[in-house]
Amino acid sequence: MSAQLLDGKLISAEIIDEVRSQVDARVALGRRAPALAVVLVGDDPASAVYVSNKKKACERAGFRSLSYEFPASLSETDLLALVEKLNADPSVDGILVQLPLPKHIDAEKVIEAINPLKDVDGFHPYNFGRLALKMPLLRPCTPHGVMVMLEKTGVDLVGKDAVVVGASNIVGRPAALELLLARATVTVCHSKTRDLADKVRAADVVVAGVGIPNFVKGDWIKPGAIVIDVGINRLDNGKLCGDVEFEPARERASWITPVPGGVGPMTIAMLMRNTLDASINLNP
């Protein structure tokens, strides 16, 4: 068996095209295009690449893109003041503060300061709580993208055994909530879970987001399972890899995401989706 690839670039392009069609239709009716404000603090190279990709996606989606870039020395007080300014600006629909932030800034405080209706990352406790209560509004982008990819397989998730490896607030926890919403039976694991290999071997769906290169071994994958690899790690030789041993896993899985080109583009596509939804909610 050789797994079919879930092409995140292709799926994300379809989503952004759908968003663009809706934006064009709204503009034709006299409504303004959605506006996304992206705030970058510091000079983290990966963050700079992400922000650049988000700007390009905004252009493709027909959004107005606002960029705020600051040195790592920016104070927490000044960042919170900017967030409040963007909250109060009726022309701004979405606010995204790129993580990670410098150590002297409390990321949780910044996230909680964002108006939940403009929280297009879906990280605010209000949006996280709504997902937990089966009342999703703005959903965390990466897990939502994972669910769209799973839908593309055509596999009914109801009753399936799903294992999430990693319990972060950005990926693991919301991914588990999304899978529960789809009525899968979910086990959340992490790097210290006992008998992890056996738990993964029993899974119909594996979502890996632990942030450790090749942590999930290929021979752990149940024949015919779906593997969603959220990890993206740079090795010493400069190459990128995921959290799952790709080639051995591909020989056992029915579907698998590549790294790069899998979940990464989906995160940005769902950000565009959230920004449009936020605009519609704020300006029906």
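In this text the structure is predicted, and so the values were computed from the model without any measurement.

About the thresholds
- Residues numbered from 1 in each chain as written.
- Predicted model: local features only at pLDDT ≥ 70, side-chain atom pairs only at ≥ 80, totals over all residues.
- Heavy atoms only, no water.
- UniProt positions renumbered as here; feature names shortened; annotations may be inferred.
- Helix = DSSP H or I, 4+ residues; strand = E, 2+ residues; numbered from the N terminus.
- 1 Å grid on protein atoms, 1.4 Å probe; cavity = no way out; pocket = protein on both sides within 12 Å on 5 of 7 lines; lining within 4 Å.
- Points joined across faces, edges and corners; volume = space filled by probe spheres on them.
- Nonpolar A, V, L, I, M, F, W, Y, C, P; charged D, E, K, R; others polar.
- Contact = heavy atoms within 4.5 Å.
- Buried < 20%, exposed > 50% of the residue type's maximum accessible area, 1.4 Å probe, protein only.
- Pairing = 2+ DSSP bridges.
- Salt bridge = Lys/Arg side-chain N within 4 Å of Asp/Glu carboxyl O.
- Core = buried A, V, L, I, M, F, W, Y, C linked by side-chain atoms within 4.5 Å.
- Polar contact = N/O pair within 3.5 Å; in protein donor to acceptor, adjacent residues only side chain to side chain.

Caption draft 1: Structural context of the UniProt feature "domain: Tetrahydrofolate dehydrogenase/cyclohydrolase NAD(P)-binding" (unreviewed entry) in the chain. Mapped onto the present numbering, the UniProt feature "domain: Tetrahydrofolate dehydrogenase/cyclohydrolase NAD(P)-binding" (unreviewed entry) falls at residues 140-278. Taken end to end, residues 140-278 is 35% helix and 17% strand, and its first and last C-alpha atoms sit 13 Å apart.

Caption draft 2: Representation of empty space enclosed by the protein in the model. Across all of its chains, the model carries one cavity of 30 Å³ or more by this definition. Here the largest cavity is characterised by a volume of approximately 40 Å³. Around the largest cavity sit Val97, Leu99, Ile111, Ile114, Asp119, Asp121 and Phe123, which together line it. In terms of residue class, the lining of the largest cavity is built from five nonpolar, no polar and two charged.

Caption draft 3: Just the side chain of Ser47, in detail. Summarising the element assignment, Ser47 is placed in helix H2 (residues 45-61). Discounting residues that sit within four places of it in the chain, Ser47 has contacts with Leu40, Gln98, Leu99 and Pro100.

Caption draft 4: Quick look at the pairing of strand S8 (residues 226-229). The two faces of S8 match: Ile226 and Ile228 on one face and Val227 and Asp229 on the other face are all buried. The pairing of strand S7 (residues 205-208) with S8 spans four bridges and is parallel. Considered in S8, the bridge of Val205 is made with Ile226. Inspection of the sheet shows S8 paired to strand S11 (residues 255-256) by two bridges, in the parallel sense. Residue pairing in the sheet places Ile226 in a bridge with Trp255 of S11.

Caption draft 5: View of the pattern of salt bridges. All told, the structure shown has nine salt bridges when counted by the stated rule. For the salt bridge of Glu178 with Arg139, the shortest nitrogen-to-oxygen distance reads 2.7 Å. Within this pair, whereas Glu178 is found in helix H7 (residues 172-181), its partner Arg139 is found in the loop between helix H5 (125-132) and helix H6 (141-152), the two being separated by 39 residues in sequence. Given the relative accessible area of 2%, Glu178 is considered buried. Here Arg273 and Asp277 are joined by a salt bridge, their closest N and O atoms 3.0 Å apart. Here Arg273 and its partner Asp277 are both found in helix H10 (residues 263-282), four residues apart, which amounts to about one turn of the helix. Taking relative accessible area as the criterion, Arg273 reaches 18% and is therefore assigned buried. What makes Asp277 partly exposed here is its relative accessible area of 22%.

Caption draft 6: Region of the structure containing the nonpolar core. Counting 45 residues, the largest nonpolar core has Leu150, Leu179, Ile228 and Met272 as its most contacted members. Beyond its immediate stretch of four places on either side in the chain, Ile228 contacts Leu6, Val146, Leu150, Val206, Val207, Ala208, Thr257 and Val263. Judged by nonpolar contacts, the second largest core, of 20 residues, contains Val163, Cys189, Val206 and Phe215.

Caption draft 7: Examining the UniProt feature "binding site: NADP(+)" (unreviewed entry) in the chain more closely. If you check UniProt for "binding site: NADP(+)" (unreviewed entry), the listed places come out as Gly166, Ala167, Ser168 and Ile232 in our numbering. Of the residues named above, Ser168 and Ile232 line the largest pocket. Structurally, the position occupied by Ser168 is in the loop between strand S5 (161-165) and H7. The class for Ser168 is partly exposed, based on a relative accessible area of 30%. Beyond its immediate sequence surroundings of up to four residues, Ser168 is in contact with Arg173 and Pro174. For Ser168, the side chain forms a polar contact with the main-chain nitrogen of Val171, separated by 3.0 Å. Among the structural elements, Ile232 can be located in the loop between S8 and strand S9 (233-234). A relative accessible area of 46% places Ile232 in the partly exposed class.

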